[in-house]
Each structure stands twice: as C-alpha cells, then as structure tokens.
Amino acid sequence: MHLRNGDWVVVCDAGKYVVYENQGDKDRLDLRVMSFDENTNPPTHQQGSDRPGRFPGPAGQNASVGNTDWHEQEETRFVSALARQMDGWATAETSRRFVLVADPKSMGILRQSLNDHTLSRIDHTVTGDHAHRPVEAIEALINGA
C-alpha cells in the first residue's frame, strides 16, 4: 500500500492507541507519532464492589441480575472515545486520510462509532492486534498490505 505524505495511521486495541503521520512519500514510509494513549483497566473482579442484585420473580422465587463486566465496558468506552477523536481530526483537516489497524473487536466498535464522513476517509484497514508493536513493524505491515 502506498501512503501519501500527511496520511495518518491509527493503530489501536481496547487498551492502547498510537496515531502515526506519514512524513515520507508514496515510495518510502516515514511514520512519526502524532498522538497516543494507554488505558489502565484492571479486571472486573478488581473493579466490582458487590454481588449482583436480586429481585422477586413472577412465581415468588428470587431471580438474580447478571454480573456487570466493568472491564469490557471500559474497553468499549476507550475505543468509542478514540472514534470521537478521529471524527474531530477528519473534520478539522479536509484532506486527511486514514489507515486503520485494529484488533477485530476494536475494529467493530470503531466502525459502529465513527461517523460517515470519517468512514469515507479510511483508505485501508488491517485487522490484527498490532498496538504494542514498534513503528518499524507497523511500517513493514503497511508495506506488505
């Protein structure tokens, strides 16, 4: 894949994202970090403080409410916040184009959360968990796509 100068590569998973800008040209990638964030998200058993609730059932016996997965809710919130940021970046710069690299779950959340304008700016997507890889590996991944 050939990226133009100024194209952005967004690499994320449910706990970390890195945004790179291509400062090279179509023949040579030169990715530089523009933005990043990492989310501290302990497991649900460390976040929850009480047992699930109970309520009377229709036949008189008690029924329970399912456990809340606080860890998964935080992952969804983190990726949705990234989508809102991407919407802002796409609106702020009319010529900005994106390459999106994300694990399958995060890719699904992003596609549901991004507005149509931003979705139209995504030139290519790569599904896989690459958020913790060095920039050289991301460049190789994009060159191979």
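Residues numbered from 1 in each chain as written. Predicted model: local features only at pLDDT ≥ 70, side-chain atom pairs only at ≥ 80, totals over all residues. Heavy atoms only, no water.

Trainee: Would you explain the packing of helix α2 (residues 70-92) against helix α3 (residues 104-113) in this entry?
Mentor: Packed helix pairs are specified by the crossing angle of their axes together with the interaxial distance, meaning the distance between the axes. Interhelical geometry of α2 versus α3 gives an angle of 50° and a closest axis separation of 9 Å. Comparing the axis directions of α2 and α3 gives the class oblique. Along this stretch, α2 crosses α3, giving a crossing that reads as right-handed. On the side of α2, the interface is formed by Glu72, Glu75, Thr76, Val79, Ser80, Leu82, Ala83 and Asp87, while α3 contributes Lys105, Ser106, Ile109, Leu110 and Ser113. Among the residues making up the contact of α2 with α3, the classes are represented as five nonpolar, four polar and four charged. (Axes fitted to C-alpha atoms, helices over the stretch in contact; angles between N-to-C directions. Helix = DSSP H or I, 4+ residues; strand = E, 2+ residues; numbered from the N terminus. Parallel < 35°, antiparallel > 145°, perpendicular 65-115°, else oblique. Left-handed = near helix turned anticlockwise from the far one by under 90°. Contact = heavy atoms within 4.5 Å. Nonpolar A, V, L, I, M, F, W, Y, C, P; charged D, E, K, R; others polar.)

Trainee: Even after reading the chapter, I still don't get the sheet that holds strand β7 (residues 122-127), so can you show me in this structure?
Mentor: Think of a sheet as strands paired side by side through backbone hydrogen bonds, with each pair either parallel or antiparallel. With mixed pairing, the five strands of this open sheet are ordered in space as β3-β2-β1-β6-β7. Looking along the sheet, the strands with just one partner apiece sit at the ends: β3 (31-38) and β7. On average, each strand axis in the sheet is inclined to that of its neighbour by 15°, with strand direction left out of account. Pairing geometry for strand β1 (residues 8-12) and strand β2 (residues 16-22), over five bridges, is antiparallel. From the neighbouring strand, valine 11 faces β2, where its bridge partner is valine 18. On the sheet, α2 packs against β1, β2, β3 and β6 (98-102) and is oriented at approximately 20° with respect to β2. The strands that helix α5 (residues 135-144) touches are β1, β2, β3, β6 and β7; relative to β3, the one it contacts most, it runs at about 115°. (Pairing = 2+ DSSP bridges.)

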